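Listed below are the residues making up each chain.
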Amino acid sequence: MAFTSQSLIFRAPASPSCARITPSSGRVTLRDRSAVFPLVAAASTSMASSESEDKRETKLWGGRFEEGVTDAVERFTESISYDWQLYKYDIMGSKAHASMLAGQGLITATDRDIILEGLDQIERLIQEGKFEWRKDREDVHMNIEAALIERVGEPAKKLHTARSRNDQIVTDLRLWCRDAIDRILIRIKQLQVSLVILASKYVDLIVPGYTHLQRAQPVLLPHLLLSYVEQLERDAGRLVNCRERMNFCPLGACALAGTGLPIDRFQTAKDLKFTAPMKNSIDAVSDRDFVLEFLAANSIAAVHLSRIGEEWVLWASEEFGFLIPSDKVSTGSSIMPQKKNPDPMELVRGKSARVVGDLMTVLTLCKGLPQAYNRDLQEDKEPLFDSVKAVLGMLEVCTEFAQNISFNSKRIQSSLPAGYLDATTLADYLVKKGVPFRTSHEIVGRSVALCVSKNCQLAELELADLKSVHPVFEDDVYEYLGVENAVNKFISYGSTGSEQVKKQLEDWRIQLGVSS
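These figures come from a predicted structure and were not determined experimentally.

With that settled, the discussion passes to the overall build of the protein. Within the protein, the regular secondary structure consists of 20 helices and 10 strands. Here the protein holds 516 residues, and the buried ones make up 49% of them. In the structure as shown, the protein presents an accessible area of about 24,400 Å², 53% of it carried by carbon and sulfur atoms.

Here you go:
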């Protein structure tokens, strides 16, 4: 199948538009939101032969150069195909920088106003999908600055005073991450609320609790669901802490050494709602700890979501039959008409691998870099963007799933006798009778062995049978046997006892603002 560069379109996530690459100009115009990045390279290859050196725009950094870069270098080094997503933050930073320069007398108030108006116009064009992104301008910063120069002339050339792309990009990235964390925190809370509401529907439902994927002890279903809520709360806490640490402003660090001009970094930090400027200019431009920490927090959250997905996939299987997903969150088979698959949760498991991989990519990227800025750091953005997109999607679909499932109470209740779930409670009974726990453990083990030989449950043993194992057993032992009795005997803080679980549920309702 033959392709021409005129017909190739790449789509970038979360954009007001999609980019078309034309062979004559090497320009990228955003028009829609979603296509495939590999097509960019193919389009650029088709474009290369028809783009001549003398038609290329002189780079904003090209004063000392007599020749332009080759097509291959330009294709390899451009980042506009993905970093356009930072445009809002690039413009935000530029506005703060222009205002600070005017406040320090480095540009006039008139120049500042012209720059601010020009940036507003460019932002509107981008939001309307009318802004022309040019690949030969390399990245989001150069595209916006060059467009500003074209639009307002000489005042725009003053904007880069006391600023480098090095501090500019990391400022944009911190601002982007800050907003991304806020979006993820909202999604986490939505999932927590959905789980609390789901738990409230099954307050008294007892389910088998598992260790080693073997039946262990009876637990209340809300207790299990609230365990997910607790994990998500820690995920939220890590992100909040990460946000606090990243909220320091690199702007004004310039390339790495700062500047000899009288800028006010505290003012730009304040205008951009940072806590303060970063203290060390070398650290400011070279630090990507905030990206790594963000990706690590995302990875832990993704692993938690994957574990929820795994459990719900198992519970939805015919072998378990504990969970029934509605048609709204299920898919079928192309060949087996009877199938009803919990595909969204399988994909949650799968996408967790992407998120962990994104963290590994940036860890490896950073491990061998000298101070300060290195072009390698251009490669931090795609895994960062991918991680955030994946985690937001995982949280959203988990919330949808939680809102569209029910639990098969009859199937669950009928399964409870298997596995001697009340064995540990029986051991507690013996401890209360003064028997050392290790001895109690042995006695209960022999009692279970007796049940196996008789093909019965512990609660079905006659008192004489129990006394044949150990004389300490009395009639009150039956208050401890059976899953209902076993659950009611749990009284420790945070346990699966009915009163404890009701308190946990109420605490979460209050914390999350869920009405009873």
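In this structure, Phe-294, Trp-312 and Phe-407 are the most contacted members of the largest nonpolar core, which totals 102 residues. A per-element tally of this core places helix α8 (residues 165–200) first, with 15 residues. Listed in part, the 22 residues of the second largest apolar core include Val-444, Leu-466, Val-469 and Leu-481.

Turning to the packing of helix α4 (residues 87–103) against α8, a few remarks are in order. Direction vectors running N to C along α4 and α8 enclose 120 degrees, while the axes themselves pass 9 Å from each other. With respect to α8, the element α4 is oriented oblique. Between α4 and α8 lies a crossing whose hand is right-handed. Contact residues: Lys-88, Tyr-89, Asp-90, Met-92 and Ser-94 in α4; Gln-168, Asp-172, Leu-175, Trp-176 and Asp-179 in α8. Tallied by class, the residues present in the contact of α4 with α8 amount to 4 nonpolar, 2 polar and 4 charged.

Inspection of the entire model under this criterion finds 11 aromatic pairs. Aromatic pair Trp-176 and Phe-385: ring centres 4.8 Å apart, planes at 55 degrees, arrangement tilted. Taken together, the residues span a long stretch of sequence, with Trp-176 in helix α8 and Phe-385 in helix α14 (residues 381–402) at a distance of 209 residues. Judged by relative accessible area, which is 6%, Trp-176 ranks as buried. Between Tyr-202 and Phe-407, the ring centres sit 5.3 Å apart and the planes meet at 85 degrees, which makes this aromatic pair edge-to-face. Of this pair, Tyr-202 sits in the loop between α8 and β5 (206–211) while Phe-407 sits in strand β10 (residues 405–407); the two residues are 205 residues apart in sequence, bridging distant segments of the chain. Given a relative accessible area of 15%, Tyr-202 falls into the buried group.

Below, the discussion takes up the pairing of β5. For a regular strand, the rule is simple: side chains alternate between the two faces of the sheet. Looking at chain direction, β5 and strand β6 (residues 214–220) are connected through 6 bridges and run antiparallel. In the sheet register, Pro-208 faces β6, and the bridge partner there is Pro-218. From the end of β5 to the start of β6, which pair antiparallel, there are 2 residues, and His-212 there has a positive phi angle of about 55 degrees.

Attention now moves to the side chain of Asp-465. Its place among the elements puts Asp-465 in helix α18 (residues 463–469). Ignoring anything within four residues of it in the chain, the contact list for Asp-465 reads Leu-450 and Lys-454.

This next bit is on the packing of α8 against α14. Describing two packed helices takes the angle between their axes plus the distance from one axis to the other. Running from amino to carboxyl end, α8 crosses α14 at an angle of 15 degrees, the nearest separation of the two axes being 9 Å. In terms of orientation, α8 lies roughly parallel with respect to α14. The interaxial crossing formed by α8 with α14 has left-handed handedness. For the contact of α8 with α14, the residue count by class is 18 nonpolar, 4 polar and 4 charged.

Considering only enclosed or pocket space, the second largest pocket measures out at about 580 Å³ in volume. Tyr-210, Leu-224, Tyr-228, Arg-307 and Glu-311 are, among the 25 residues lining the second largest pocket, the residues nearest its centre. Elements supplying a minimum of two residues to the lining of the second largest pocket: β5, β6, α9 (221–246) and α12 (289–315). Here the lining of the second largest pocket is built from residues that sort into 12 nonpolar, 8 polar and 5 charged.

By the definition in use, this model includes 26 salt bridges. Residues Asp-113 and Arg-112 are paired through a salt bridge, measuring 3.0 Å at the closest nitrogen-oxygen approach. Given the relative accessible area of 25%, Arg-112 is considered partly exposed. Taking the shortest distance from any N to any O, the salt bridge between Lys-503 and Asp-507 comes out at 3.1 Å. Of the two residues, Lys-503 and Asp-507 are both situated in helix α20 (residues 498–512); the distance of 4 residues between them amounts to about one turn of the helix. One network of salt bridges, with partners in common, ties together Lys-95, Asp-120 and Glu-123.

Tallying each qualifying case throughout the model produces 0 disulfides. The closest cysteine sulfur to the non-disulfide-bonded Cys-242 is located on Cys-177, 7.3 Å from its own sulfur. Judged by its relative accessible area of 0%, Cys-242 is buried.

Inspection of helix α16 (residues 423–432) places Ala-423, Thr-425, Leu-426, Ala-427, Tyr-429 and Leu-430 among the buried residues, and these make up the whole buried set. Buried residues belonging to α16 abut α17 (437–454) and α19 (483–488).

By secondary structure assignment, the location of Phe-290 is in helix α12. On the basis of relative accessible area, Phe-290 is assigned to the buried category, the value being 3%. As for Phe-290 and Arg-243, which are separated by 47 residues in sequence, their C-alpha atoms are 8.2 Å apart.

The next thing to look at is unusual backbone geometry. Look at the link from Gln-371 to Ala-372: it is a cis peptide, with omega at 5 degrees. When you line up the elements, Ala-372 lands in the loop between α13 (343–366) and α14. One non-glycine residue, Leu-213, lies in positive phi territory at about 60 degrees. Turning to its location among the elements, Leu-213 is positioned in the loop between β5 and β6. The residue Asn-455 is not glycine, and still its phi comes out positive at about 55 degrees. Counting through the fold element by element, Asn-455 comes out in the loop between α17 and α18. Overall, the relative accessible area of 71% leaves Asn-455 in the exposed class.

Rules of the game
- Residues numbered from 1 in each chain as written.
- Predicted model: local features only at pLDDT ≥ 70, side-chain atom pairs only at ≥ 80, totals over all residues.
- Heavy atoms only, no water.
- Helix = DSSP H or I, 4+ residues; strand = E, 2+ residues; numbered from the N terminus.
- Buried < 20%, exposed > 50% of the residue type's maximum accessible area, 1.4 Å probe, protein only.
- Areas by Shrake-Rupley, 256 points an atom, 1.4 Å probe, with all protein chains shown as cover.
- Core = buried A, V, L, I, M, F, W, Y, C linked by side-chain atoms within 4.5 Å.
- Axes fitted to C-alpha atoms, helices over the stretch in contact; angles between N-to-C directions.
- Parallel < 35°, antiparallel > 145°, perpendicular 65-115°, else oblique.
- Left-handed = near helix turned anticlockwise from the far one by under 90°.
- Contact = heavy atoms within 4.5 Å.
- Nonpolar A, V, L, I, M, F, W, Y, C, P; charged D, E, K, R; others polar.
- Phe/Tyr/Trp six-rings, centres within 6.5 Å; stacked < 30°, edge-to-face > 60°.
- Pairing = 2+ DSSP bridges.
- 1 Å grid on protein atoms, 1.4 Å probe; cavity = no way out; pocket = protein on both sides within 12 Å on 5 of 7 lines; lining within 4 Å.
- Points joined across faces, edges and corners; volume = space filled by probe spheres on them.
- Salt bridge = Lys/Arg side-chain N within 4 Å of Asp/Glu carboxyl O.
- Disulfide = S-S within 2.5 Å.

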